[in-house]
Protein chains: 2
Amino acid sequence: MNLEQVARRAKVSTATVSRVLNNASVVKTSTRARVVKAIEELKYHPNLHARNLAGGKSRTIGMIVSNMENPFFFDIYKTVESDAHVAGFEVVMANTDYRSEQLVASIRLMIGRRVAGLAAVVSEMEPALIEELTDSGIPVVFYDVGTPRQNITNIRVDYRRGIDKIIDYLYSLGHRKLGFVGHHAMLGPINERVKPVLDAVARYPGLEVRTAADADTLDGGRLAARALLLSGEQPTAIVCVNDIMAVGALRELRERGIRVPQDVSVTGFDNVKLSEFCYPALTTVHIPRDTIGHLICDTLLAKSGKTAVADHEMVIDPEFVLRDSTGPAPGR
Amino acid sequence: MNLEQVARRAKVSTATVSRVLNNASVVKTSTRARVVKAIEELKYHPNLHARNLAGGKSRTIGMIVSNMENPFFFDIYKTVESDAHVAGFEVVMANTDYRSEQLVASIRLMIGRRVAGLAAVVSEMEPALIEELTDSGIPVVFYDVGTPRQNITNIRVDYRRGIDKIIDYLYSLGHRKLGFVGHHAMLGPINERVKPVLDAVARYPGLEVRTAADADTLDGGRLAARALLLSGEQPTAIVCVNDIMAVGALRELRERGIRVPQDVSVTGFDNVKLSEFCYPALTTVHIPRDTIGHLICDTLLAKSGKTAVADHEMVIDPEFVLRDSTGPAPGR
DNA sequence: AATGGCCATGTAAACGCTATCACCTGTCCT
DNA sequence: AGGACAGGTGATAGCGTTTACATGGCCATT
């Protein structure tokens, strides 16, 4: 089951078998045929660990995401994987579920695997970990977190602009009492996701917002919406941190007999496929996951190859998408 | 960045460092402390490839799924991963997207990685591949495909019973013209998924069914439903191969102004979380993904350990779940 | 004081590959 | 005829670990 046995059977040296395996074209056709035959007869599968060890290089890129359950992350993963395959790379994925111990474990794992590049599409990242990654020398792309460094490239979405577009629109429809549904990963005094909402709200006279947070799932969205509805005055619009939670909110409203958008408007974020399929279809903001995926791959593969790609930081401007879940504030 | 450097720095041999890394308790506390210090100072991360090579064992289990986009697969993955972590194993996932070349590549990859166990949750599997896996000696669990062998365990869902329950119910509500929405992976003369539908239909006098197939996605469901609606007489009920496609179908009906369930009933399969959150909530059949995940892990981890678990084949009986997407046939 | 054991550690041989270098044939030149 | 050269192949030294096996203290036993 190893090179040597194949070599013996094909009556060549292990070096030659290795050449055949790696498509080095120097092997004579007849020899190659003998080797291939031996490989098949023995059902030989090269040991990837040995290969990586000996070769020193990895042809694998790692990707760490916060919550694969949210199609947003999967969409990115999918385009990264497909780009990577084209370039002859594999990608191994790790899901942290927003747990920071899991993040640490995943990063260590990826370093241990000596991946050729690492994409971290996660919402939180401690400085110590960033340090660890910097020192590892592995090319890294962060999405939405951290700052550019030596071997670290950043891709971020102008979340603030997206929120502004949503709030502008809702304000223009007469909404004055807003609710914001976020997820737990964004708790804390001043959060990347909540702050823009608060700031946008502050720009308009008479505009108010209350926030609630829960898990980044359908159920979480539902629960957060319920919390909003149960505490204080009913908002006329609920702004959600992403589409999944918005779909959860939609259900809570429906079951309470609150009509969307007649009684309450709801907005999502990301423009995940599901946002078109839920009822009513979500007004949301489009984040181009495919672009993000391509950017990640280009960066990682270019770095592991020759020169650095464009810049160390790129920001994406999201686009407003109007659908059926929003309408004029009631009584207007 | 390797064992030797750490050893040098801690003034011990590489063997001792290795012992520290592997928690062998024979190391004197003071020595251990020195080594740990050196490891941290050097930010040393053991090379997993070298480890696997030298150790011969892998502590990684592989999982291959057809379509990670469908939450059904993700749910299984998630419980497998969590069980595996508890046992100190990693899991690497591969997504085939229903492409058989990709399946072949993924299997080869897993064998190359010398995984400690492999879960194949895919819809098609050529005999040659099964052969390859058998020979590899890796413990394998198949979901819904193949037959038990030497090192192969099977888990299957009694799909037929699930379908029977759905069709019985629809028939009792007066439905006589059915539509079936399937996905491409199940094309071909007699299919595992279509056959039970045809058989069930054949049992009832006056019951008819037309089928359509498309991709296993929200869009696919929508398109397949459209095909059903556009060709021939409008069915009074649409049975879908899974929840995702059913949600797609729901949208198509909604946009055509066809009311569910007043005009047309719709059923799903799997009882994915989304089936509660779509509108109307889907009548479906529950497949316990967590049970499947546990079964997979138990089997794989037990095998790689000591004795074999229970049997070589286990079948799961799905449960009918009544919600709002089904009702009496129109005019009855 | 010599013997035996047991702990803690060191030495070195795998593990299965890749990659460098050396070697051997022939060809083709001069 | 004698080299230079190139294409094809073999030998072998790593790659970074783990894991026997060997070694050396040190204490308890006789």
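Now for the overall build of chain A. Within chain A one finds 13 helices and twelve strands. Against the compact-globule benchmark of 20 Å for 332 residues, chain A has a radius of gyration of 25 Å, which places it well outside the compact range. The C-alpha extent of chain A, read off along each of the three principal axes, is 85 × 40 × 30 Å. The buried share of chain A, taken over its 332 residues, is 55%. For chain A, the exposed area adds up to about 14,100 Å²; of that, 52% sits on carbon and sulfur atoms. Charge separation in chain A, taken as the distance between the mean sites of 40 positive and 39 negative side-chain charges, equals 9 Å.

A few words on the interface of chain A and chain B. On the chain B side, the residues contacting the 45 residues of chain A number 45 residues. In total, about 4,400 Å² of surface goes out of reach between chain A and chain B, with carbon and sulfur atoms giving 60% of it. For chain A, the biggest contributors to the area lost against chain B are His45, His49 and Phe277 of chain A; these three give 18% of the whole. For the pair chain A and chain B, the interface holds ten salt bridges. For Lys273 of chain A, the salt bridge is made with Asp219 of chain B, and the minimal N-O distance between the two is 2.9 Å. The set of elements that each furnish at least two residues to the side of chain A that touches chain B consists of α4 (48-55), α5 (71-86), β2 (90-95), α6 (100-112), α7 (127-136), α10 (218-230), α11 (243-255) and α12 (274-277) of chain A. Of the residues belonging to the side of chain A that touches chain B, the class tally is 18 nonpolar, nine polar and 18 charged.

Turning to the sheet that holds strand β9 (residues 265-267) of chain A, a few remarks are in order. Residues and elements named next belong to chain A. Taken in spatial order, the four strands line up as β7-β6-β8-β9 in an open sheet, and their pairing is parallel. Each edge of the open sheet is held by one strand with a lone partner, namely β7 (208-214) and β9. Neighbouring strand axes in the sheet, compared pairwise and without regard to direction, differ in orientation by 20 degrees on average. Sheet topology note: the strand β8 (residues 237-240)/β9 ladder contains three bridges and is parallel. Each bridged residue has a counterpart across the sheet, and for Ala237 the counterpart in β9 is Ser265.

What follows deals with the domain arrangement of chain A. Each domain of chain A was delimited in the assignment, giving domain 1 (3-46), domain 2 (58-158 + 288-317) and domain 3 (159-287). The C-alpha centroid of domain 2 of chain A is placed 36 Å from the C-alpha centroid of domain 1 of chain A.

Let us now look at the packing of aromatic side chains. Residues and elements named next belong to chain A. Following the criterion strictly, the structure yields 13 aromatic pairs over all chains and no others. When the centroid spacing of 5.4 Å and the interplanar angle of 85 degrees are considered together, the rings of Phe72 and Phe73 count as edge-to-face. In this structure, Phe72 and Phe73 share a single accessibility class: buried. Through successive ring pairs, a cluster of aromatic residues spans Phe72, Phe73 and Tyr143. Sitting over the face of the ring of Tyr171, Arg176 holds its NZ or CZ atom 3.6 Å from the ring centroid. In this structure, Arg193 is placed above the aromatic ring of Tyr159, and the distance from its NZ or CZ to the ring centre is 4.3 Å.

Residues Ile167, Val266 and Ile296 of chain A together with Ile167, Val266 and Ile296 of chain B are the most contacted members of the largest nonpolar core, which totals 146 residues. The contact partners of Val266 of chain B, leaving out residues within four places of it in the chain, are Ile238, Cys240, Ala246, Leu250, Leu253, Val260, Leu282, Thr283, Ser325 and Thr326 of chain B.

Before going further, it helps to spend a moment on the environment of Pro280 of chain B. Residues and elements named next belong to chain B. Assignment of secondary structure puts Pro280 in the loop between α12 (274-277) and β10 (284-286). When its relative accessible area of 8% is taken as the criterion, Pro280 is described as buried. In this structure, Pro280 is in contact with Leu250, Val260, Asp324 and Ser325, ignoring residues within four places of it in sequence.

With that settled, consider the pattern of salt bridges. Under the defined criterion, the tally for this structure stands at 58 salt bridges over all chains. A salt bridge links Asp144 of chain A to Arg193 of chain A; the nearest nitrogen and oxygen atoms lie 2.9 Å apart. Here the residue Asp144 of chain A occupies a position in the loop between β4 (140-143) and β5 (152-157), and Arg193 of chain A occupies one in the loop between β6 (177-183) and α9 (194-202), the gap between them amounting to 49 residues. By relative accessible area, which is 23% here, Arg193 of chain A ends up partly exposed. Put simply, Lys195 of chain B and Asp199 of chain B hold a salt bridge, and the shortest N to O gap is 3.5 Å. On the criterion of helical spacing, the pair formed by Lys195 of chain B and Asp199 of chain B is a turn pair, its members being four residues apart in helix α9 (residues 194-202). What makes Asp199 of chain B partly exposed here is its relative accessible area of 27%.

Here the focus is the protein's contact with DNA strand D. Not every one of the 26 residues close to DNA strand D is listed here, only the nearest: Arg19 and Thr31 of chain A together with Leu3, Ser18 and Tyr44 of chain B. Within 4 Å of the protein, the atoms of DNA strand D are drawn from sugar and phosphate moieties in a proportion of 64%. A distance of 2.3 Å separates a phosphate oxygen of DNA strand D from a polar side-chain atom of Ser18 of chain B. At the level of elements, α2 (14-21) and α4 of chain A together with α2 (14-21) and α4 (48-55) of chain B are the ones that each hand at least two residues to the surface near DNA strand D. The residue inventory of the surface near DNA strand D, partitioned by class, reads twelve nonpolar, nine polar and five charged.

Neighbouring DNA strand C are 26 residues, the closest being Leu3, Ser18 and Tyr44 of chain A together with Ser13 and Thr31 of chain B. Counted by atom, the contact set of DNA strand C within 4 Å of the protein is 66% sugar and phosphate. A distance of 2.6 Å separates a phosphate oxygen of DNA strand C from a polar atom in the backbone of Leu3 of chain A. Within the side chain of Arg51 of chain A, one N or O atom sits 3.3 Å away from a phosphate oxygen of DNA strand C. Breaking the surface near DNA strand C down by element, the ones donating at least two residues are α2 and α4 of chain A together with α2 and α4 of chain B. When residues in the surface near DNA strand C are grouped by element, the largest group, four residues, is from α4 of chain A. Looking at the surface near DNA strand C residue by residue, the class counts come to twelve nonpolar, eight polar and six charged.

With that settled, consider the relation of the copies chain A and chain B. Superposing chain A onto chain B takes a rotation of 180 degrees combined with a translation of 0.0 Å along the rotation axis, leaving an RMSD of 0.1 Å. Classification of the inter-copy transformation places it as that of a two-fold axis. In terms of proximity to the rotation axis, the leading residue of chain A is His49 of chain A, whose C-alpha is 2.3 Å off the axis. The residues that chain A uses at the interface reappear at the interface of chain B in 100% of cases, marking a shared surface.

Rules and cut-offs
Residues numbered from 1 in each chain as written. Chains lettered and ligands numbered in written order. Predicted model: local features only at pLDDT ≥ 70, side-chain atom pairs only at ≥ 80, totals over all residues. Heavy atoms only, no water. Helix = DSSP H or I, 4+ residues; strand = E, 2+ residues; numbered from the N terminus. Rg over C-alpha atoms; globule rule 2.2 N^0.38 Å. Buried < 20%, exposed > 50% of the residue type's maximum accessible area, 1.4 Å probe, protein only. Areas by Shrake-Rupley, 256 points an atom, 1.4 Å probe, with all protein chains shown as cover. Lys, Arg positive; Asp, Glu negative; His and termini not counted. Charge placed at Lys NZ, Arg CZ, Asp CG, Glu CD. Contact = heavy atoms within 4.5 Å. Buried area = accessible area lost by both parts, 1.4 Å probe. Salt bridge = Lys/Arg side-chain N within 4 Å of Asp/Glu carboxyl O. Nonpolar A, V, L, I, M, F, W, Y, C, P; charged D, E, K, R; others polar. Pairing = 2+ DSSP bridges. Axes fitted to C-alpha atoms, helices over the stretch in contact; angles between N-to-C directions. Domains from an automatic or database assignment. Phe/Tyr/Trp six-rings, centres within 6.5 Å; stacked < 30°, edge-to-face > 60°. Lys NZ or Arg CZ within 6 Å of the ring centre and 35° of its normal. Core = buried A, V, L, I, M, F, W, Y, C linked by side-chain atoms within 4.5 Å. Near = heavy atom within 4 Å. Polar contact = N/O pair within 3.5 Å; in protein donor to acceptor, adjacent residues only side chain to side chain. Least-squares fit on C-alpha atoms with pLDDT ≥ 70 in both.

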